[in-house]
Every structure is written in structure tokens, then in C-alpha cells.
Number of protein chains: 2
Amino acid sequence: MAKVNRNYRKLPGSYLFSTIGKKVREYSEAHPEAEIIRLGIGDVTQPLAPKIITALHAAADEMGRAESFRGYAPDLGYSFLRETIANKDYQERGCSISADEIFVSDGAKCDCGNIQEIFGIENKVAVCDPVYPVYVDSNVMAGRTGDYDPDTGRFRDVIYLPCTEDNGFTPGLPWEVPDLIYLCFPNNPTGAVMTRAKLQQWVDYANDHGSVILYDAAYEAYISEEGIPHSIYECEGAENCAIEFRSFSKTAGFTGLRLGFTVVPKKLAVEGEALHPMWARRHGTKYNGAPYIVQRAGEAVYSEEGQSQIRQQIAYYMENARIISEGLKKAGYQVSGGVNAPYIWLRTPDGLTSWEFFDQLLARAHVVGTPGSGFGPGGEHYFRLTAFGTRESTLEAMERIQNL
Amino acid sequence: MAKVNRNYRKLPGSYLFSTIGKKVREYSEAHPEAEIIRLGIGDVTQPLAPKIITALHAAADEMGRAESFRGYAPDLGYSFLRETIANKDYQERGCSISADEIFVSDGAKCDCGNIQEIFGIENKVAVCDPVYPVYVDSNVMAGRTGDYDPDTGRFRDVIYLPCTEDNGFTPGLPWEVPDLIYLCFPNNPTGAVMTRAKLQQWVDYANDHGSVILYDAAYEAYISEEGIPHSIYECEGAENCAIEFRSFSKTAGFTGLRLGFTVVPKKLAVEGEALHPMWARRHGTKYNGAPYIVQRAGEAVYSEEGQSQIRQQIAYYMENARIISEGLKKAGYQVSGGVNAPYIWLRTPDGLTSWEFFDQLLARAHVVGTPGSGFGPGGEHYFRLTAFGTRESTLEAMERIQNL
């Protein structure tokens, strides 16, 4: 008789964004006149840049002609894209990452969720608190977290790294040594960044203790200040201890097109075993390559025209971030993030819980955000707003919040 | 200190098609004058149908305009596609599958590889022998197979279902009861099909024993004879015991576009727990939806014009299959498949092993096929050719083989 994977029973409730969706739907049905502004889920709103659309059309035409039709893509991605990534994202920044260390995929969420498969069940995982739910949930499903403790809101076998106002929402080194360390900077949900010096401490720690850092750099394109690393490979020795995830979703509006990549340096070994061939085997066995047309669209992002167009989009969103940050501060909120990241992190007023504030903001301002507690107990009494709305809706939302 | 997933060490050698690629590359380098014809890997060669190209262009244009831009797709797929699939592939065939039981994905390979995650590690897996390598390899990685036994070419804890000439390459019921049963019909690699009556026996067996059938129907569009089920849900009670995988790859040439879907009926429960919400949770946590433009391309496949165009492509490939089948028979080979499937399965001559025949065919006819033994020990002394070449290369390959 078949048996289910009982680890799934440990997952508390539904996925955060499903719960938000349900609450908003219910409110809308009860108040059909309310004009709801969504600054909750981190989805972009600007259309794909013209250069990207041109690349999609050209590639689609190729697929319609026998002489240029492409079937199965190479498992790890087309060379034209891997070479471009290695060159533009790494070598030009002084990181010695080569094309054959790049694994093209359909997005960083999948890669962040799947990467744990190449590690044993017995590894001890560390995550920031608050944190993007996929890191923890994918480890729960695999059986690496132990049970959920409803009193603390934490899984018993996970090491949580508190990210608080006191440490600028960047975690200090842990007391207990983790085997796998998930870090995401610029951070979702807090919008915090780590300086190169602080990230170097983590790299040194990982190399000293034989830990592996799983570094999610999905928001690197939003970094506006100097001294903030865009890649973990800007730190010395990172190629011996770190895997990096990148995404085209927020960089170039690919949330509905799906493209990302993972860097597994050839030097990176665990128990003397190189991780590169393991991830290649995983990729080759359970994945069949990103669509050719989407890889061509990804290549277009790196062209001169593409870069200029996506820089404009990012500037547009970052102006939203500035509007939200300043608007909230004017309204008396305590705010961080929004400078090197498209996320604004605010402290709920009057000691409200995150969900109480969510309900209040929805009912009184018809603005949807994301409760900080949905990212872990450390996010309680915080709230996330995103810069991905349109200018009009962002301005309107701020006006409503200031009028509360 | 981090630990690797040691189950990966049990995987023997490299992925089958990587080995073939390497051998062909080496031969080509040594014999640059040889005109090699590839009838090995099951990749299509016909360009995407015009109706599909039109849909891609229209959807790309939508993505370039603010008012029609689409960000994150619904996790489980757009309604327009799920409704169409439920209607055309199921309800019109008398199967009571509804749109919300369809999970759209980027291909059947991923789904077949990932589905095992929602089941416990302790489940006993049964596979046909020979078999598509992904079913076994994904279970090896998860730790469900025990060690590889080089003497038998089998994993110790897997139940192998022999598919031989005697049983028409369709497996009989096993002696030991499996928990999870992978079946693929029309079959890759043998091209065999199961009658509705025989598949009904398997469904009844699974329902009697609490087993789950994981049914890969990626090649159903190639069925040309009556009485052969296109879906396992044509069998009574299958919605209580079976998950079905479908692909657009071979149906409509989507190998480089990536689209498939999985059906998890809401009635299907294991240990009293419904599998539908588990797969939804897995999908929602580790996947982010198929690209909008590709889902629109998938929708186009079901239009009247799309259907007529892909029927022509399938007819083209099946004429190749007929040419290969008859050509091989004329040359004295013992052949099966190729009638309801794009695969032709032949017995190697003179007692040659599969790899010996591979080497000989490559060296003497410059034709690449797939060694049967690459699909499991039951495939030894067999060889697979595919109908996915062009007409010219297929005819040329047959002429060369007949002249050997």
C-alpha cells in the first residue's frame, strides 16, 4: 500500500501568498466598490522591454522554420546565454566564474527549492528570520527540519538567524554550526543589504566550518550604493563554499516568462565530492532546459539596448520605493529597505500584529501588503510593501495611508 | 560540515543520452567525412506549426504592452489552458476529469521526476524493464531503490516488470506488491501499447492493493489503432489509483518550448490523504508556472487549425516509422513498435549486445540509434530507432542499413 510523504503534514497552513489572495478575494466580494491597490506579492507590472519582445519574435520565427528549428535545449542552457552571463555578471565584476559553471533554469524559486536535493537529509539548515518561505518549506518537505513548534513558530531542527533592527536586519554568525546556510541579499522581505566586509565574514565562517552558503541574489540589480556586493563571488574564497542563485524576474520583468540561473563553481566540494557534477546530474535527470525563445530573450537583456531599457524600469520601481519610504516616514512609520531593494519593511503601529495591520490596511485604505509574520516569527510586528506597482497606484496608496 | 546526498553515488555511469552524445562526437572527430544520421535521441525535427507560431507572436506582443502584460502565472496553469485540456483530452473521450485536476508544467520529464516527492521514502517502486531512465534515477536520488547490483544491472529494492517478446512487451502483474507502479504506454522505448482490457487489469490490481499507478501517456497522440486507451482514465476506477502525465513535446513538437501537464484526480487518496493538495503544495512551493506565451502556444494546439497542422506532423513521423519498420524487416531484422508509437524496437542480429550493435551501426552505416540495454537489462540485445528524423534522412538510413 502506497504511503504519503509525511513531512508534508509538518507544513503549517497554506502558502503565505495563497492566504493573502483568499483574504483579498473575500474582502472584494463583500466590498465590491473598494478599489484595491496591491503592493503585496512581489510581482512586476511594467511590460517587457522592447528589445526583449523583439528577441522573442525573432526566436519564435526561428522555431517555425525547419532550418532554424530547435528541439531539446542543452540541459544546462545554451552557450550563447551561459557565455554572456559569465562575462557580464561575473568576469566584468572581477569574479572568476566561467560559462560552464552556470546552470540556466526556469527561475530562482525552482533552483532555491531544488538545490537541497543534492545534500543529505542529515544536514542542519540555517535561515534568516524573517525569510522567503521557500527555503524552509522545501527543507520541511525533504525531512530536514524536524517538527513545527506552534509556540515558537519555528521548526525544531532549523537554526534561525535573527534579523532585527539591532543588527540592521543582517544576521550575525550563529552559535551552533549549520551545514547549509541560506542567505538572500538584497533581502526579501526586509530590503536590507550586507556589506562586502560582512559577507566576507560569512564566507570565511563557511570555509572554516565546512558549511555551504546558498546565496540568493535575485535582487542584485536593485543595488544603488557602492560597497554592496552584487555577487557572493566578490568575496575571497566564496567559490569554495557558495552556490549563487540569480533571476531575470525582477531584473527584467520575467516573472511570467521564467528564467534564472544557478552558479555552482567547479572548486566547490563537500566531503571531497564536487557538487558541480551532482547538480548537473540532477538538472539532467529532472529538468529539460529552459525554452529556446526565453533564453534568447534573456540574452537580449544583456545587449546595450536591453540594459538601457531595463535600467529605466528598475529606476521606475526604485522611484516607487522612494515614494513609499518617504510617504511612510511622513506618516510616522518606522521604515527600512527600499534603497538597494524593491522592498520596504515597516514596523506596524500601536503594537499591532502583522495580520491585524494587514486587515486594517485592507479595510481602511484598501491597500494590500504582506504581513511580516508570514516570513517567520522574527517578522511579527513588521509589514512588507513592494515597489512593483504602477506610479499612480503607489502615489494613491501613500495618500490613503497618510490620510488614515 | 555539509554532507552530500549519498544516494547519488548509486547512480551507475552517466545519463544514457550523454554517453551516446560522447561516442558520436568522438566518432565524428575521428571520421569528419562521415555523414551521420541521428535516429537515437527522441527529439523532433519538424518546425512548430504555423498556428503555434502565430500564438507565440500574439502572446509576445501582449507581454510588451502594459495593459496586457502578465506577471506570475497561476501556479497550476492558466484557466484557458486547463479548461481546454480537460475538455478536449478528457471529457470528449468520456473521462470525468475537470480543469482543476490538471496541473500545467514545463514538461512530463520534470513531472515524472518530481512526482515521487509526495510519497514516502519507504514506498516500493515497480518499473517496466526496459524503461525510460528518469523513473528509476529520480527514485535512486530520493533513496527509494537500495544499491545497484552490477551483476544483474538492477537496483536491489526495485520491482522490475519484464517486458519481453513473450508478453508483447507489456508487463504482467507482479508477484510482489509494489506501492508505486510506473507505466508508460505507448511505450518508450519499445513502442508497445496496452489494450484497454489489459490496462483495466492493472487499474483493478492497484485499487485492490492500494498501489498508485504513475501513468506516462506522453505518446498518446501516436495511437493509430482502435481499442488502445489514450488515457488511463478510460479505465473504470482509475481516478482512485492513477496519476497521468502528458506532454506537448512529441504531440506538437514542443521539445524546445517545454509544456506538459499532470492529472491528479481529486478522488485519489493514499492512507486517507488526498494527493491533489499535496501536489498543489509541491507545485506552489518549488515551481512558478509555465510561461504565459508557452501556455498560449499550448492552447493553439487544440484549435481546429492547430489540430489539423499537428495531425499532419504526426502522420509525417508515422510514415517514417512505417519506412523504418518495413525497411528493417526487409533487411531481415525482427521488429516491433512503430504502429502506435514513434519508436521502433529491433532485436540485434547475431547475438550482438546493444552497445556492440550501436558501435557497428555507427561505424558501418553512420546511423545513430539507442542501445536497448541503456533502458535496463531487459533491453539487452535490443535497439531503439526513432521516427523523428526527416523523411530524407530516414530513407537514407534504411538504404544504408539494407546495404550492410
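Residues numbered from 1 in each chain as written. Chains lettered and ligands numbered in written order. Predicted model: local features only at pLDDT ≥ 70, side-chain atom pairs only at ≥ 80, totals over all residues.

Caption draft 1: Quick peek at the overall build of chain A. Across its full length, chain A holds 12 helices and 17 strands. Computed over the C-alpha atoms, the radius of gyration of chain A is 21 Å, within 12% of the 22 Å expected from 2.2 N^0.38 for a compact globule of 404 residues. Summarising its shape, the C-alpha atoms of chain A cover approximately 60 × 55 × 50 Å along the three principal directions. For chain A, the proportion of its 404 residues judged to be buried stands at 55%. (Helix = DSSP H or I, 4+ residues; strand = E, 2+ residues; numbered from the N terminus. Rg over C-alpha atoms; globule rule 2.2 N^0.38 Å. Buried ≥ 20, exposed ≤ 12 C-beta atoms within 10 Å, placed from the backbone.)

Caption draft 2: Structural view of the relation of the copies chain A and chain B. Aligned on chain B, chain A shows an RMSD of 0.0 Å; the corresponding rotation is 180 degrees and the shift along the axis is 0.0 Å. Such values leave the two copies arranged in the relation of a two-fold axis. Residue A:His57 of chain A places its C-alpha closer to the rotation axis than any other residue of that unit, at 3.0 Å. The fraction of interface residues of chain A whose copies in chain B are also interface residues reaches 100%, indicating that both copies meet through the same surface. (Least-squares fit on C-alpha atoms with pLDDT ≥ 70 in both. Contact = placed C-beta atoms within 7 Å.)

Caption draft 3: Summary view of the nonpolar core. Judged by nonpolar contacts, the single largest core of 252 residues is most densely connected at A:Val127, A:Ile213, B:Val127 and B:Ile213. Look past the residues within four positions of A:Val127 in its chain and what remains in contact with it is A:Tyr135, A:Val136, A:Val158, A:Tyr160, A:Leu161 and A:Tyr182. (Core = buried A, V, L, I, M, F, W, Y, C linked by C-beta atoms within 7 Å.)

Caption draft 4: Local environment of the pairing of strand 14 (residues 343-347) of chain B. Residue and element names in this part refer to chain B. Summarising burial for strand 14: 4 of the 5 residues are buried, a large majority. Here 3 bridges tie strand 13 (residues 335-337) to strand 14, and the two strands are oriented antiparallel to one another. Each residue of the ladder has a partner; that of Ser-336, found in strand 14, is Trp-345. Between strand 13 and strand 14, which pair antiparallel in sequence order, lie 5 residues; one of them, Gly-338, sits at a positive phi of approximately 80 degrees. Note: strand 14 against strand 17 (residues 382-386), 5 bridges, orientation antiparallel. If you follow Tyr-343 over to strand 17, its bridge partner there is Thr-386. (Pairing = 2+ DSSP bridges.)

Caption draft 5: Highlighting the interface of chain A and chain B. With 67 residues of chain A at the interface, the matching set in chain B holds 68 residues. Those elements giving two or more residues to the side of chain A that touches chain B turn out to be helix 2 (50-63), helix 4 (108-114), helix 5 (133-142), helix 8 (275-286) and helix 9 (292-301) of chain A. With 6 residues, helix 2 of chain A is the single largest residue contributor to the side of chain A that touches chain B. Classifying every residue of the side of chain A that touches chain B by side-chain character gives 32 nonpolar, 19 polar and 16 charged. (Nonpolar A, V, L, I, M, F, W, Y, C, P; charged D, E, K, R; others polar.)

Caption draft 6: Representation of the sheet that holds strand 17 (residues 382-386) of chain A. Residues and elements named next belong to chain A. Taken in spatial order, the 4 strands make up an open sheet running 13-14-17-16, and their pairing is antiparallel. Strands at the two margins of the open sheet, each flanked by one partner only, are strand 13 (335-337) and strand 16 (370-371). In this fold helix 10 (residues 304-330) packs onto strand 13, strand 14 (343-347) and strand 17, with an angle of close to 10 degrees to the strand it touches most, strand 14. (Axes fitted to C-alpha atoms, helices over the stretch in contact; angles between N-to-C directions.)

Any functional reading would require information beyond the geometric quantities listed.
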